[in-house]
Amino acid sequence: PGPHRTYQNRMERKDASPRSPVPDIADLEGEFFNENDEKFSAGLFGRGWLPPEERGKLVIEPEAEEEANGWEVVAIGTSRRSSSFSDTGAHSDKVRCDGVPDDLIMGCLDPNCDKLWSPGESRQRCSACGFFFCKAHIKGPWYVTCFGGSSSGASLLDSLNLPKPGLEAQVFLCFRCHNRLPLGDQLQGHELLLLSAEVCAMKSSVLDSDATEEESAVKTSARALLLRLLDQLRRCLRSWTDSEREWVWSLASELVERDVGWLAQFFRQSQWTKEESVTAVELLAKVHADLPGFESLQILGCLGRSAEAACAHLGERRLGLAAVHATKALQAMNPREISCCLELLLDAAHEFAANGVTGGYLAVLAVLQSLSQEKSLDGQALRNEFFWALETRVQTVAMNRQKETAASKNYRYAETWQSKALQELLKNLPQEGELDLMRQHAWVRHMEHGDYDCCTFEPAWGDTRTFPLAVWPAYRRCTGLHSLQKAESKSAPLIAKCRYKDDSSLPGAPAKKSQAKAGSHANHRHGERPNTSGVLLKKDPDMHKEQQVGQVLRLLEILIWKDSELQDLLQREGLDPEDVRATYTIVMTGPGTAMLEFIDGARTLREVRSGPDTSLVSSRLFFSKGEKGTLNTFLRRNNKGEDLPKSLKRLAFTAAISAVLSFVAGLGDRHHENFMVTVDGRLVHVDFGWALGKEPLDAMLIHFAVQGGRPATTIQYDELMDAVGHDMMDRIFWPVVCKAYLCVRRYPGLLAEMFYTAMLRER
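An account of the accompanying structure is given in this report. Nothing here was measured: the structure is a model prediction, and the numbers come from that model.

## Points about the sheet that holds strand β11 (residues 593-597)
Here is step 1: An order of β7-β8-β9-β11-β10 is seen for the five strands of this open sheet, with the pairing classed as antiparallel. The sheet is open, and its two edges are formed by β7 (476-486) and β10 (586-588), each paired on a single side. Averaged over all pairs of adjacent strands, the angle between strand axes in this sheet comes to 30 degrees, irrespective of strand direction.
Here is step 2: Pairing analysis gives nine bridges linking β7 to strand β8 (residues 494-502), with the strands arranged antiparallel. What sits directly across from R476, in β8, is D502.

## Side note on the pattern of salt bridges
Here is step 1: Following the criterion strictly, the structure yields 25 salt bridges and no others.
Here is step 2: The salt bridge partner of K427 is E424, with a shortest N-O separation of 3.4 Å. One end of the pair, K427, and the other, E424, are both in helix α19 (residues 409-427), three residues apart, so they sit about a helical turn from each other.
Here is step 3: Take K427: its relative accessible area is 58%, and that puts it in the exposed class.

## Observations regarding the sheet that holds strand β14 (residues 683-685)
Here is step 1: Read across the sheet, three strands follow the order β12-β13-β14 without closing on themselves; strand pairing throughout is antiparallel. Single-partner strands in this sheet number two, and they are β12 (602-604) and β14. With strand direction ignored, the average angle separating the axes of adjacent strands in the sheet is 30 degrees.
Here is step 2: As paired elements, β12 and strand β13 (residues 675-678) share three bridges and run antiparallel to each other. Among the inter-strand pairings, R603 is bridged to a residue of β13, identified as V677.

## Some words on the environment of L596
Here is step 1: Looking at where L596 falls in the secondary structure, it is placed in strand β11.
Here is step 2: Relative accessible area serves as the criterion here: at 5%, L596 is assigned to the buried category.
Here is step 3: Separated by 124 residues in the primary sequence, L596 and W472 have C-alpha atoms spaced 9.2 Å apart.
Here is step 4: Ignoring sequence-local partners within four residues, the contact set of L596 consists of V471, V535, L536, K538, M543, E546, Y584, T585 and I586.

## So, the pairing of β8
Here is step 1: With six bridges joining them, β8 and strand β9 (residues 532-539) adopt antiparallel strand pairing. From the neighbouring strand, L494 faces β9, where its bridge partner is L537.

## A few points about the packing of helix α7 (residues 217-235) against helix α8 (residues 242-250)
Here is step 1: For the pair α7 and α8, the least separation of the axes is 12 Å and the interaxial angle reads 100 degrees. Comparing their axes, α8 and α7 come out roughly perpendicular. Listed contacts from α8 to L226, L229, L230 and L233 of α7 are E244, W247 and V248.
Here is step 2: Each residue belonging to the contact of α7 with α8 can be placed in one class, and the counts come to six nonpolar, no polar and one charged.

## Let's talk about unusual backbone geometry
Here is step 1: Of note, D669 is a non-glycine position whose phi angle comes to about 55 degrees, a positive value.
Here is step 2: Note on placement: D669 falls in the loop between α27 (643-665) and β13.

## Section: the nonpolar core
Here is step 1: Ranked by internal contacts, the top residues of the largest apolar core, which has 176 residues, are F352 and W443.
Here is step 2: No other element matches helix α29 (residues 717-745), which puts 16 residues into this core.
Here is step 3: If we ignore the near neighbours within four places in the chain, the residues touching W443 are C455, F467, L469, L481, A496, C498 and V535.
Here is step 4: Counting 18 residues, the second largest nonpolar core, distinct from the first, contains C108, L109, W117 and F132.

## Quick word on the packing of aromatic side chains
Here is step 1: Evaluated as defined, the whole model comprises 14 aromatic pairs.
Here is step 2: Residues F267 and W272 carry aromatic rings whose centres are separated by 6.1 Å and whose planes lie at 50 degrees to one another, so their mutual orientation is tilted.
Here is step 3: Taking the relative accessible area as the measure of exposure, W272 reaches 5% and is therefore buried.
Here is step 4: Taken together, a centroid distance of 5.9 Å and an interplanar angle of 70 degrees make the contact between F294 and Y747 edge-to-face. A residue pair is termed long-range when its members are at least 10 positions apart, and F294 in helix α12 (residues 293-305) and Y747 in the loop between α29 and α30 (748-760) qualify at 453 residues.
Here is step 5: A residue is classified by how much of its surface remains accessible, and Y747, at 21% relative accessible area, is partly exposed.
Here is step 6: One aromatic cluster in this structure is built from W240, W249, W262 and F266.
Here is step 7: Over the face of the ring belonging to Y756 we find R305, whose NZ or CZ atom lies 5.1 Å from the ring centre.
Here is step 8: One cation-aromatic arrangement involves R476 over Y500; the distance from NZ or CZ to the ring centre is 4.0 Å.

## Overview of the environment of G681
Here is step 1: Locating G681 in the fold gives a position in the loop between β13 and β14.
Here is step 2: Using a relative accessible area of 0% as the deciding quantity, one classes G681 as buried.
Here is step 3: Each C-alpha atom of the pair G681 and N639 lies 9.1 Å from the other, and the pair is 42 residues apart in sequence.
Here is step 4: Among residues more than four places away in sequence, those in contact with G681 are L635, S647, R650, L651 and T654.

Thresholds applied
- Residues numbered from 1 in each chain as written.
- Predicted model: local features only at pLDDT ≥ 70, side-chain atom pairs only at ≥ 80, totals over all residues.
- Heavy atoms only, no water.
- Pairing = 2+ DSSP bridges.
- Helix = DSSP H or I, 4+ residues; strand = E, 2+ residues; numbered from the N terminus.
- Axes fitted to C-alpha atoms, helices over the stretch in contact; angles between N-to-C directions.
- Salt bridge = Lys/Arg side-chain N within 4 Å of Asp/Glu carboxyl O.
- Buried < 20%, exposed > 50% of the residue type's maximum accessible area, 1.4 Å probe, protein only.
- Contact = heavy atoms within 4.5 Å.
- Parallel < 35°, antiparallel > 145°, perpendicular 65-115°, else oblique.
- Nonpolar A, V, L, I, M, F, W, Y, C, P; charged D, E, K, R; others polar.
- Core = buried A, V, L, I, M, F, W, Y, C linked by side-chain atoms within 4.5 Å.
- Phe/Tyr/Trp six-rings, centres within 6.5 Å; stacked < 30°, edge-to-face > 60°.
- Lys NZ or Arg CZ within 6 Å of the ring centre and 35° of its normal.

Set out below in structure tokens:
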């Protein structure tokens, strides 16, 4: 929340990714690249290395060059940086970082040290990773002189930021780098020239045995460097170099046997030559029973994107069998997680169908059909979203046929699977389930066509005519339209207030209240206020992008709350994940139409800051800075007694989660009509039409005119601090921000597949 320097540097101090001290295998061999080679200058890992205890937590780079959603992301050592997910940004465009700028380092970067620098206080940079540390957390100096002119040794020393042959320099190492390279204790300076040769000799047998006490310091260091290199290659999103590819594929069987998570990376890195594709499929057939669900999703995404090339080398039958193996792991996943990945799975099914891989798309549809027939609330929610996803694709096919965009026979064949899948879904449901979907479909279509009289609540209907809405909880059933309102925004969605009835008999539904039934004829007759909730109907040709970004954010929130430490913190504060939900559901109902969840009791940040006096010009400026106390006043005005502390806790939790989600997704166009605060304290980002660092031109111009800089989050740190207080910031906000950010970084491959589906795939 807000471009706050202290938080920016705190995140930089804990999670920065410095230049990798691990030598590239090509560098060690000394025969593949030279210093002018673009791939050589791009470095080994793109964003650098991660310490051992944080392996697998990869930072996803936003496309914005200097800021992403109000938090600066400084491009070090280069004037331009392309996005990891940009279709035009190549790996060769990136330049290896020379270190972290001094102005971003506010304290010692050792994870066990919270010391902040005082003005003029001395600090020391680690020669290997390039980070600054206090005197208590760095070792050295050593005076190292390197003799000889070995090209491989020179490349190695250059990668480690150590002196080149013929030069002498002071060397300092932080605790982590010293543990990998015990300079001065066991490994002397003159032995560094032996290290590169030892790495080359050991690379094919590094997994055969573990280190022993009798092993020399050179061998121990070489083994540590190679294992760390493997760990980085296990999770990196860039393409492997030729030498890395040859080395890692030679160890494929051993690596997958040790860690089944390697399998998704092999599929992602496969160039779909006959040898690599056959190896990957054979490994999948061998270990698919132990494959985690999220790894399976990545494999299906890779197979779908590369279906044409894979089919050419594997054949339709073998590729279909690989898809069948991958989908088996999805059966163990929660339907709520699957609903966030619907577009990824349906895109893969479409590619399978387009390339004649019948077994592949049937396997994907079979698992979706099975999970959507579960009687749990999550299963019913998946059923609603699955129905509308298929309906949208059927409508898109009909529109494309009118435009005659489908040319090839294979593509025309691929068009038919959506209709068949939709009919299969309805056929396998019980009669009441099918009627629910048909009533929901008819109601939504009447609303889109403006036939509001057909949608209005009728007391004579009773409970037998109720139906679910895909953006509502599965236990909530709509009884009809209550009122209409048009939102005051550029997209102008239609807000439909509907009467509802909660079915408390379903497992997981809230307990039935003692009050009379909502929406009953008796309540209506006696003038009692009926229970109502809203749904937004929106029309926009780019709604599919917003919907898929919304699915990514929902999935990230689920992954964040899987962390046991965050669950314990939430429980200690007397809340549950539903109390601090920072996302909402978006369901496409057609090629350019969508149904959105309405956040009850929410006000835009503009309304919150306006307060009772809406005549203030400053509060109406889209990008005006926050007025101190407005959040505080808003929550205290709407919460009394015991409700106030809980609302402040919700604000601290959701502000932290929203900040991480918006940063990772690179949400743009963040003016204060795209922030909403509920009366009970939840902070939610809305409108995801601009994401991955993209900003509309008008927003850029207004920001420069009003604030004199690039677009930034409009919730200021001081405003949030004033609302929740210092204690809650330290007890809730900061721990949740840091832990949630690390949780997201554990899933780089899954995020890459989700973002590809959301933004880059041809529609």
